Amino acid sequence: MIIVMRHGATQDDINKVIDLIKLKGREVHLSEGESHTIVGAVGEKVIDPREFELLDGVKEVIKISSSYKLASRIFQQEDTIIEVNGVKFGGGYTGMIAGPCTIENEEQIFECARLLSQSGVKIIRGGAFKPRTSPYSFQGLGEEGLKLIRAAADKYNLAVTSEVMEISQIPLFIKYVDILQVGARNMQNFNLLRELSRVNKPVIIKRGLSATINEWLMAAEYILSGTNREVILCERGIRTFEVATRNTLDLCAIPVVKKMSHLPIIVDPSHGTGLRDKVVPMSLASVAAGCDGLIIEVHNKPECALCDGAQSLYPEQFDVLFNKLKKLAPVVDKTMN
Ligand code: PEP
Ligand code: MN
């Protein structure tokens, strides 16, 4: 962080800034320019820029070191590559995850697993604990759902990802699931994130409904702050004034995040658009923009789905899309897997 003093700031003003930096446990680096004095605060200790903005003689406070350190490109220059069931996310790889919004019953999840594995998918998604807006909507099958998706995945040699909603569910997820998902609504559930920092499995962290990229990276930092090094960021659309789509899929987040962080970033075009016919073009656009993976809702019978049928692809539609994506990825120096 650097503190730029106003032209005409007194020595007393400068000394107060220096004293506060020292009090906060940082080192002082002073640069006396022709028109301004610049005071640098160097070190690891977190300090609130507002405390300096309030001091007399201060013109501007510029944060130069990112507050997310472990998630930052400064901390690690090379891309983190996360591999699950032979599928890589990050670096030159774009991984595919597909499956229904929610696990509904044995027949549905086994049929989804069969069809997806036929298309070459290696990781299936499916919610067992659903964060529904209405308490009267289907809430998921709970542990029974996790058992079903695990059994279906094992039959077709798939890995499983599913959303964990609270700390008490973590042991269940460690038992049945290969990648734990934190939903958009829980992106800032800091107690949950802290607990996940001690889990030895990859975590997908979805971007909050109205979260800035910085807040999202700070959430990832929570998970990285323990022993867990495997965090996948997921852009799933944000709330804007636009109502033509369920959310506004922020594809610009891909190049922005890739510059700021070494973590893989995947895209969920299903929740990002809310409409099946928009999922195909936005999947192609995501890969073209350099995403490290996709998570797409696919249902064996979307018109009968208990949740998010309108945004779920038909298996045949998904199959065509996956093949197109495999052809598109090399254009942007990626391998779709
Ligand atoms: C989901 O993936 O099932 C889900 C609920 O997504 P989000 O948290 O992005 O809304
Ligand atoms: Mn859904």
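Just above, that's the structure.
From a predicted model like this one, the values you see are computed outputs, not experimental measurements.

Draft legend 1. Broad picture of the overall build of the protein chain. In terms of helices and strands, the protein chain carries 11 helices and 15 strands. Judged by the C-alpha coordinates and their principal axes, the protein chain covers about 75 × 45 × 35 Å. For the protein chain, the proportion of its 337 residues judged to be buried stands at 53%. Contacts spanning at least 24 positions in sequence make up 67% of the contacts within the protein chain whose residues lie at least 6 apart. Element-wise, carbon and sulfur atoms account for 53% of the exposed surface of the protein chain, whose accessible area totals about 15,100 Å².

Draft legend 2. Representation of the packing of helix α10 (residues 276-288) against helix α11 (residues 315-328) within the structure. Viewed as axis vectors pointing N to C, α10 and α11 meet at an angle of 15 degrees, and their least axial separation amounts to 10 Å. By the angle class used here, α10 and α11 are roughly parallel. For the crossing formed where α10 meets α11, the hand is right-handed. In this structure, α10 contributes Arg276, Val280, Ser283, Leu284, Val287 and Ala288 to the contact, and α11 contributes Gln317, Leu321, Lys324, Leu325 and Leu328. Its residues assigned to classes, the contact of α10 with α11 shows seven nonpolar, two polar and two charged.

Draft legend 3. Quick look at the side chain of Ser197. Among the secondary structure elements, Ser197 is positioned in the loop between α6 (190-196) and β11 (203-206). According to the relative accessible area criterion, Ser197 is buried, its value standing at 3%. Those residues in contact with Ser197, other than ones at most four positions away along the chain, are Tyr222, Ile223, Ser225, Gly226, Thr227 and Asn228.

Draft legend 4. Examining the site of ligand 1 more closely. The local shell around ligand 1 consists of Arg125, Lys130, Glu163, Gln181, Gly183, Ala184, Arg185, Lys206, Arg236 and His271. At a separation of 2.8 Å, an oxygen atom of ligand 1 approaches a polar side-chain atom of Lys206. In the model, an oxygen atom of ligand 1 is placed 2.7 Å from a nitrogen or oxygen of the Arg236 side chain. Against a free-state accessible area of 300 Å², the protein chains account for coverage of 96% of ligand 1. Across the shell around ligand 1, the residue classes tally to one nonpolar, three polar and six charged.

Draft legend 5. Representation of the pairing of strand β2 (residues 27-32). One ladder, built from six bridges, connects β2 with strand β3 (residues 37-42); its direction is antiparallel. Within β3, the residue paired with Ser31 across the bridge is Ile38. Here β2 hands over to β3 after four residues, the two strands then running antiparallel side by side.

Calculation criteria
Residues numbered from 1 in each chain as written. Chains lettered and ligands numbered in written order. Predicted model: local features only at pLDDT ≥ 70, side-chain atom pairs only at ≥ 80, totals over all residues. Heavy atoms only, no water. Helix = DSSP H or I, 4+ residues; strand = E, 2+ residues; numbered from the N terminus. Buried < 20%, exposed > 50% of the residue type's maximum accessible area, 1.4 Å probe, protein only. Contact = heavy atoms within 4.5 Å. Areas by Shrake-Rupley, 256 points an atom, 1.4 Å probe, with all protein chains shown as cover. Axes fitted to C-alpha atoms, helices over the stretch in contact; angles between N-to-C directions. Parallel < 35°, antiparallel > 145°, perpendicular 65-115°, else oblique. Left-handed = near helix turned anticlockwise from the far one by under 90°. Nonpolar A, V, L, I, M, F, W, Y, C, P; charged D, E, K, R; others polar. Near = heavy atom within 4 Å. Polar contact = N/O pair within 3.5 Å; in protein donor to acceptor, adjacent residues only side chain to side chain. Pairing = 2+ DSSP bridges.

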